[in-house]
Structures are given as structure tokens and as C-alpha cells.
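An overview of the molecular structure
Here's the letter readout for the chains.
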Amino acid sequence: MALRNAVMAALLEGEASGYDLAKGFEASVANFWMATPQQIYRELERMEGEGLVRARVVQQERRPNKRLFSLTEAGLDAMRAYTAEVPSKPTAIRDELLVKVQCVDIGDAEAVRAGVAERVERAGAKLARYRRAQERMLAGRTEEEYLATVERVGPYLTLLGGMTLEQGNIQWGETVLRRLDQRAEALGARARG
């Protein structure tokens, strides 16, 4: 998937500056796509050149003028075409921590353990943010009420995907930590015995 598709997906929420997109990326699409502000700005320039987005300048006092981007009809058509494509293959996992866990028996088990514990902590923080976003979206409604009445369900459904991913990270990490502790205890008992 190209960054442009994630940027256009974020612009479905409405007009935004590059700064707002970069800041809002964390809240709106970070549960499925990561990008630096520089990458977003470069992509917006390319997309504007290709006619997928348009920018309008907003005059500001005491600050540089702001450019607000919105999707053009060509951008909306590109998103429609993109959603019609069947994904070519599942996402490949490239996770350095998993490689380190694979090698834990010959490496620094405490460093690997610390990496897993950090993953659990970060996943917990992200999950808490996602849950707050879910509460804001639902605004006191049940999920069924929300999904039956909201104009766009995509942001909520991707939020659920992000929540599931972080719940999985927490469950996996806690299991790894528990198993490493059990193994260390067993090896210690064997060495003493």
C-alpha cells in the first residue's frame, strides 16, 4: 500500500493542513499506517501535482500562511479504484523483536525480556488511546447504534483493528514474559539440584 492511500483515507475526514494531517495521523490512521511528517508533506506535494488533492492558502497573522488540503474528484476516484482492488498478498511481518525472541536462548535474555516488556507497555498505552477514541466516537451510544447511524463506519472499523492488534501484542508479550520467567526458574532449579 502506498502512503498516498493512507493520506487520502485521512483526508476523507475533511480538509486538513499538512501539519494537521501529520498530527492527526496518530489519531486517525496510526492503527494501520505510520509515517513521518516529512513523508506526509512530500506525498501531499506529489499528490497535488497529480491532481489528487487541492490546496488552498489560509492567511494567518503572526504565523506563516497555512495550506489546507482536500481531495479532488480525481482523488475520490483514485480511492474508489483503490478500494476495488483485491489485496495482492497478506502483510508481511518484519519485526526485529521477534527475531530477538527467536534467539533468546543464545543471547542476552534480560535485554530480550526488557524489549518484550517495553512492547507490552507501549501496546497498553496505544490501546488506552484507542479506547478513549472509541469512547469519543460512540459518545454514549452502543456500538450497534453508532454503526447504524454514523455516515462513515471505516474509521471505527480500522480502530477496532488497531485495538485487536494491541490486545494481541499485550497477550503475546505477557505470555513471553511469563514463559521466560518459568524457564529461568526451571533452569535455576536444575542447576541447584
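Figured I'd write up the structure that's included with this text.

Cut-offs used in this document
Residues numbered from 1 in each chain as written. Predicted model: local features only at pLDDT ≥ 70, side-chain atom pairs only at ≥ 80, totals over all residues. Heavy atoms only, no water. Helix = DSSP H or I, 4+ residues; strand = E, 2+ residues; numbered from the N terminus. Buried < 20%, exposed > 50% of the residue type's maximum accessible area, 1.4 Å probe, protein only. Contact = heavy atoms within 4.5 Å. Core = buried A, V, L, I, M, F, W, Y, C linked by side-chain atoms within 4.5 Å. Expected span 1.5 Å × (residues − 1). Arc of directions from axis to C-beta.

Some words on the overall build of the protein chain
Counting its regular elements, the protein chain contains eight helices and three strands. In the protein chain, the succession of helices and strands from N to C terminus is α-β-α-α-β-β-α-α-α-α-α. In terms of its C-alpha atoms, the protein chain occupies a principal-axis envelope of roughly 75 × 45 × 40 Å. Taking all 193 residues of the protein chain together, the buried fraction comes to 29%.

Comments concerning the side chain of Glu166
Considering the arrangement of structural elements, one finds Glu166 in helix α8 (residues 154–192). Classification of Glu166 by relative accessible area gives buried; the value is 4%. When residues no more than four places from it in sequence are discounted, the contact partners of Glu166 are Ala123, Lys126, Leu127 and Tyr130.

Considering the nonpolar core
Grouped together as the largest cluster of nonpolar side chains are 18 residues, with contacts concentrated most on Val7, Leu11, Leu21, Phe25 and Leu44. Going through the elements one at a time, α1 (3–11), α2 (18–28), α3 (37–49) and β3 (66–71) are the ones with two or more residues in this core.

Re α3
Relative to the 18 Å expected for 13 residues at 1.5 Å per residue, α3 spans 19 Å between its end C-alpha atoms, a close match to the ideal helical length. Listed as buried for α3 are Ile40, Glu43, Leu44 and Met47. The buried residues of α3 occupy one face: seen down the axis, they fall within an arc of 105 degrees. Just downstream of α3 lies Gly51, where phi reads positive at about 80 degrees.

Take it as geometry only, folks, not as evidence of what the structure does.
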